[in-house]
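# Residue-level structure breakdown
Listed here are the chains, written in short residue letters.
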Amino acid sequence: MRPSINRPPTPEAEEDQEKEPTLQEIINIKLIESGEKERLKELLRERLTECGWRDEMKALCRAFTRKKGRNNVTVDDLVHVITPKGRASVPDSVKAELLQRIRTFLVSAAL
Amino acid sequence: MSSATASLPTSSKNNHYNGQLPQPCPHLSDFKSRHGHKPFRALQECLRVKPLGRAAIRRDPGEVPRCSSCGESSRPRLYACVTCAAVFCHSPPESSHAAAHAESILPGHEIAIDVDRAELFCCTCRDQVYDRDFDAAVVLAQTAASTLGGSTMRAAPPENLRKRRRVDYRPWTPDPRERILMGKYSSPLQKGDGDLSAGLPWGLRGLNNLGNTCFMNSVLQALLHTPPLRNYFLSDRHNRYVCQQKNNANNVPRKKATGIDSSKNLRLCLACDMDAMFSAVFSGGRTPFSPAKFLHSWWQHAANLASYEQQDAHEFFISMLDGIHEKVEKDQSRPHSQGSGDCCIAHRVFSGILRSDVTCTACGFTSTTYDPCVDISLDLEPSQGGSAKMVSTKSHHACNSEPDSMISSQNCGISTLNGCLDHFTRPERLGSDQKFFCQQCQVRQESLKQMSIRKLPLVSCFHIKRFEHSSTRNMSRKVDRYLQFPFSLDMAPYLSSSILRSRFGNRIFAFDGDEPDASNELSSEFELLAVVTHTGKLDAGHYVTYLRLSNQWYKCDDAWITQVNENIVRAAQGYMMFYVQKVLNYKASEKPVAS
């Protein structure tokens with residue numbers, strides 16, 4: 001018997017991934033492959049630490065944990081609690097700097 | 001951007017799990033019991049260490065992880081199942097394909113790893129879990145990556161790690177023969193000249209100002225009451241008569257040869273002058289002492305500073321320690337390693353070791369160097385201190401830009417000594433003009449530098465950089481900003497072991513990739529013993545020292561010594577702070593204080 005007859009059907013999941021990748025995905029992949037995403041993440045980490053954002057988030061987590069009790073808190077709870085405040089309190093200068101870096105990258109990557 | 005890295009709330013800067021291992025969830029225990037001896041061994045190959053030491057999970061180095069269910073690669077949290085290695089996204093509350101995966105298949109797929117952080121997660125409990133074996137594997141990979149390039153690249157830690165021979169303490173009382181000797185060759189000290197000074201502790205004596213010498217007097221007062229230094233000289237460890245005799249014996253032939261420079265051949269020994277000063281100050285006399293001989297000797301040592309102009313107290317301090325060291329070195333060719341303090345009493349008391357790690361941001365290779373130091377100079381910047389308010393990043397760079405902006409920047413909290421130490425030990429991104437040559441990349445790369453303390457001295461001197469000299473603008477100015485300093489200080493968070501631990505994150509791993517800190521032998525707790533303060537302007541100012549004796553504070557303003565309330569000290573403008581190891585601050589000296 002020919003092996004091709006017994007070849008299992010192509011799984012459906014693969015079909016979805018053969019769609020044309022969105023611009024966002026292309027950018028994301030280029031960022032990752034060039035290592036720029038990692039550098040941007042490190043830069044962001046540094047800026048957010050410098051301006052006290054990280055300490056403020058830590059304080060929020062501690063306060064929440066103290067209230068709920070150490071054993072009743074999960075990572076997901078903490079992320080859920082601090083995400084809105086966290087997103088809102090990123091300093092504008094940090095946002096501006098990162099946007100500028102990304103813009104520069106996009107230009108250099110000829111996208 | 002990605003969600004904040006949450007961690008167990010026990011973490012503070014210096015201990016990351018308080019000695020208690022977090023209990024594994026039932027799913028983790030299950031997984032471990034099922035997978036036997038080295039459950040995470042398969043993952044070891046997928047452990048990639050990114051530049052700067054962060055660990056990640058990638059099947060192959062260039063992989064862009066995406067969720068097997070939805071194909072998304074830009075989700076902030078992606079998890080790889082430890083059993084089947086499939087990657088799923090997790091973005092509660094909207095969707096969690098990771099949780100779906102844990103529920104859908106047969107049990108055994110609940111445990112996953114965060115692909116960007118290499119941290120364990122239980123998809124069913126929806127919480128981080130911790131495992132010693134796993135963390136050990138991660139730290140191993142991280143250390144291997146950071147020391148890539150050969151172990152020869154690593155700076156050898158100083159050899160002062162040989163175990164110091166401990167001598168057991170035995171209380172001593174003189175035997176009859178010793179009693180006779182003591183009686184014969186000494187005279188009892190008189191307690192004070194008058195009743196006014198009856199309550200003052202021993203050794204408190206004013207120092208006359210010999211012409212703008214408050215910079216010297218202030219430092220000398222602090223040193224006269226530094227316990228290890230005081231004990232050294234008062235126990236006759238440097239006898240000035242013996243030293244003088246020895247020197248005269250050595251100098252005699254030279255004197256004949258060079259008849260001209262006879263003044264230089266006159267014995268110059270700062271330690272002898274210190275010995276004389278200690279004897280005078282602790283003799284019980286209360287009239288102010290004139291340290292003229294000492295000043296003269298110091299002038300000979302530091303010729304460039306010899307004038308009647310006001311000098312910098314810190315500069316004097318460094319110069320003086322150097323003078324004591326130099327003289328001793330000439331006499332004895334005692335072999336010593338840098339920072340061990342075996343060379344002279346000055347270094348024995350003040351010398352510590354700083355560790356500097358420079359990490360290449362491109363490949364993560366870290367170069368470590370150790371340098372001895374006799375003090376720590378700290379920047380005083382507005383953005384330090386325990387303020388909850390956030391500051392714009394502009395003020396962080398104030399030091400390098402317009403000086404006015406630093407003065408006028410909003411007061412966002414008080415600067416504290418701990419804040420300055422945090423700043424000192426922060427990871428600092430070196431500018432693109434300071435690219436560091438990376439051994440691994442073999443080119444100059446941008447890098448991160450981080451300082452930490454490898455060995456604490458017996459007495460820590462913190463120097464606050466209040467005097468700024470800008471050669472570019474040809475001007476100098478003084479920073480008057482108030483600095484809050486504690487009376488008790490714990491240096492544990494600034495030790496290399498703590499800094500390294502915080503750099504490597506929340507891993508359960510006894511970090512002995514490095515040898516244990518030499519300072520582990522002594523505690524890291526310090527007590528404030530003296531504060532040298534400066535008031536006035538850069539060119540027309542005055543130094544005053546506050547001494548803490550038996551938990552009372554005394555203000556030493558040249559020849560005038562007065563007892564003051566501790567609040568006066570707290571409010572003073574600290575320029576140099578001397579902290580002594582708590583274990584050396586004998587309990588007997590602490591009388592109960594009603595403040």
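Residues numbered from 1 in each chain as written. Chains lettered and ligands numbered in written order. Predicted model: local features only at pLDDT ≥ 70, side-chain atom pairs only at ≥ 80, totals over all residues. Heavy atoms only, no water.

### Looking at the overall build of chain A
- Across its full length, chain A holds 7 helices and 0 strands.
- If you list the helices and strands of chain A from N to C, you get α-α-α-α-α-α-α.
- Residue pairs in contact within chain A that sit at least 24 positions apart in sequence constitute 69% of those at least 6 positions apart.
- Carbon and sulfur atoms make up 55% of the accessible area of chain A, which totals about 7800 Å². (Helix = DSSP H or I, 4+ residues; strand = E, 2+ residues; numbered from the N terminus. Contact = heavy atoms within 4.5 Å. Areas by Shrake-Rupley, 256 points an atom, 1.4 Å probe, with all protein chains shown as cover.)

### Some points on the sheet that holds strand 8 (residues 127–128) of chain B
- With respect to topology, 6 strands assemble into an open sheet ordered 5-4-3-6-7-8 (chain B), the strand pairing being antiparallel. Of all the strands in the sheet, the pair left with one neighbour each is strand 5 (95–96) and strand 8 of chain B. (Pairing = 2+ DSSP bridges.)

### A few points about the pattern of salt bridges
- For the structure shown, the criterion picks out 25 salt bridges over all chains.
- Of the charged contacts in the structure, one is a salt bridge between Asp 275 of chain B and Arg 240 of chain B, with a shortest N-O distance of 3.0 Å. Pair noted here: Asp 275 of chain B is in helix 10 (residues 270–281) and Arg 240 of chain B is in helix 8 (residues 240–257), with a separation of 35 residues, a long-range link. For the pair shown, Asp 275 of chain B and Arg 240 of chain B are each scored as buried.
- Among the salt bridges present, the one from Glu 527 of chain B reaches Arg 548 of chain B, with a minimum N-O distance of 3.0 Å. Of the two residues, Glu 527 of chain B sits in strand 22 (residues 525–536) while Arg 548 of chain B sits in strand 23 (residues 541–549), which places them 21 residues apart along the sequence.
- The buried category is assigned to Arg 548 of chain B, whose relative accessible area is 16%.
- Here the residues in one salt-bridge network are Glu 46, Arg 47, Glu 50 and Glu 97 of chain A together with Arg 429 of chain B, joined through shared partners. (Salt bridge = Lys/Arg side-chain N within 4 Å of Asp/Glu carboxyl O. Buried < 20%, exposed > 50% of the residue type's maximum accessible area, 1.4 Å probe, protein only.)

### Re the confidence of the model for chain A
- Per-residue pLDDT for chain A averages 82, and the proportion of residues at 70 or more is 82%.
- When pLDDT is averaged over each element of chain A, helix 5 (residues 53–68) of chain A comes out on top at 92 and helix 2 (residues 12–17) of chain A at the bottom at 49. (pLDDT = per-residue confidence, 0-100.)

### Focus on empty space enclosed by the protein
Residues and elements named next belong to chain B.
- Per the counting criterion, the structure on display carries 6 cavities of 30 Å³ or more.
- Reported here for the second largest cavity is a volume of approximately 80 Å³.
- At the level of secondary structure, the elements contributing two or more residues to the lining of the second largest cavity comprise strand 9 (352–360), strand 16 (447–455) and strand 17 (459–464).
- The residue inventory of the lining of the second largest cavity, partitioned by class, reads 12 nonpolar, 2 polar and 2 charged. (1 Å grid on protein atoms, 1.4 Å probe; cavity = no way out; pocket = protein on both sides within 12 Å on 5 of 7 lines; lining within 4 Å. Points joined across faces, edges and corners; volume = space filled by probe spheres on them. Nonpolar A, V, L, I, M, F, W, Y, C, P; charged D, E, K, R; others polar.)

### A look at the side chain of Arg 240 of chain B
Residues and elements named next belong to chain B.
- For Arg 240, a relative accessible area of 19% gives the class buried.
- A polar side-chain atom of Arg 240 sits 3.1 Å from a polar atom in the side chain of Tyr 241.
- Setting aside chain neighbours within four positions, we find Arg 240 in contact with Cys 272, Asp 275, Ala 276 and Ser 279. (Polar contact = N/O pair within 3.5 Å; in protein donor to acceptor, adjacent residues only side chain to side chain.)

### A word on the environment of Ser 34 of chain A
Residues and elements named next belong to chain A.
- With respect to the helices and strands, Ser 34 occurs in helix 3 (residues 23–34).
- C-alpha separation for the pair Ser 34 and Phe 105, spaced 71 residues apart in sequence, amounts to 9.9 Å.
- Ignoring sequence-local partners within four residues, the contact set of Ser 34 consists of Arg 39 and Phe 105.
- In terms of polar contacts, Ser 34 uses its side chain to reach the backbone carbonyl oxygen of Lys 30, at 2.9 Å.
- A distance of 3.3 Å separates a polar atom in the side chain of Ser 34 from the backbone nitrogen of Glu 36.

### Observations concerning unusual backbone geometry
Residues and elements named next belong to chain B.
- Unusually for a residue other than glycine, Asp 236 sits at a positive phi of about 65°.
- Mapping Asp 236 onto the fold places it in the loop between helix 7 (227–234) and helix 8.
- The exposure class assigned to Asp 236 is partly exposed, which follows from its relative accessible area of 46%.
- You will see that Gln 442, though not glycine, has its phi angle at about 65°, which is positive.

### Observations concerning the packing of helix 10 of chain B against helix 11 (residues 292–301) of chain B
Residue and element names in this part refer to chain B.
- At a minimum axis separation of 9 Å, helix 10 and helix 11 run at an interaxial angle of 165°. If you check the angle between helix 10 and helix 11, you find them roughly antiparallel. Taken as a pair, helix 10 and helix 11 cross one another with a handedness that is left-handed. Residue-level contacts link Leu 270, Asp 273, Met 274 and Met 277 of helix 10 to Lys 293, Phe 294, Ser 297, Trp 298 and His 301 of helix 11.
- Tallied by class, residues from the contact of helix 10 with helix 11 come to 5 nonpolar, 2 polar and 2 charged. (Axes fitted to C-alpha atoms, helices over the stretch in contact; angles between N-to-C directions. Parallel < 35°, antiparallel > 145°, perpendicular 65-115°, else oblique. Left-handed = near helix turned anticlockwise from the far one by under 90°.)

### Comments concerning the packing of helix 6 (residues 214–224) of chain B against helix 10 of chain B
All names here are of chain B.
- Put simply, helix 6 and helix 10 touch, their axes get as near as 11 Å, and they point 75° apart. Comparing their axes, helix 10 and helix 6 come out roughly perpendicular. Each of Leu 220, Leu 223 and Leu 224 in helix 6 lies in contact with helix 10, whose residues at this interface are Met 274, Met 277, Phe 278 and Val 281.
- Grouping the amino acids of the contact of helix 6 with helix 10 by side-chain chemistry returns 7 nonpolar, no polar and no charged.

### Side note on the side chain of Ser 91 of chain B
Residues and elements named next belong to chain B.
- Within the secondary structure, Ser 91 is located in strand 4 (residues 87–91).
- Accessibility expressed as a relative area gives 12% for Ser 91, which makes it buried.
- Not counting the four nearest positions on each side in its chain, Ser 91 is found in contact with Arg 75 and Ser 96.

### A closer look at the packing of aromatic side chains
Residues and elements named next belong to chain B.
- Within this structure, the stated rule accounts for 15 aromatic pairs over all chains.
- Between Phe 462 and Tyr 579, the aromatic rings sit 5.7 Å apart at their centres with planes inclined by 65°, giving edge-to-face as the arrangement. Of this pair, Phe 462 sits in strand 17 while Tyr 579 sits in strand 26 (residues 574–581), placing them 117 residues apart in sequence.
- A relative accessible area of 0% means that Phe 462 is categorised as buried.
- Look at Tyr 543 and Tyr 575: their rings are 5.9 Å apart centre to centre, the planes differ by 45°, and that puts the pair in the tilted class. Of the two residues, Tyr 543 sits in strand 23 while Tyr 575 sits in strand 26, which places them 32 residues apart along the sequence.
- Take Tyr 575: its relative accessible area is 1%, and that puts it in the buried class.
- Above the face of the Phe 487 ring, Arg 570 is positioned so that its terminal group lies 3.7 Å from the ring centre. (Phe/Tyr/Trp six-rings, centres within 6.5 Å; stacked < 30°, edge-to-face > 60°. Lys NZ or Arg CZ within 6 Å of the ring centre and 35° of its normal.)

### Side note on the environment of Arg 62 of chain A
- With respect to the secondary-structure elements, Arg 62 of chain A resides in helix 5.
- For Arg 62 of chain A and Leu 78 of chain A, which are 16 residues apart along the polypeptide, the C-alpha to C-alpha distance reads 9.4 Å.

### Points about helix 3 (residues 97–104) of chain B
All names here are of chain B.
- For helix 3, the set of buried residues is Ala 98, Ala 99, His 101 and Ala 102. Around the axis of helix 3, the buried residues are gathered within 160° of arc, so they sit on the same side. When the buried face of helix 3 is taken as reference, the exposed residues oriented beyond 90 degrees from it are Glu 103 and Ser 104.
- Packing partners of the buried residues in helix 3 comprise strand 3 (78–81), strand 4 and strand 5. (Arc of directions from axis to C-beta.)

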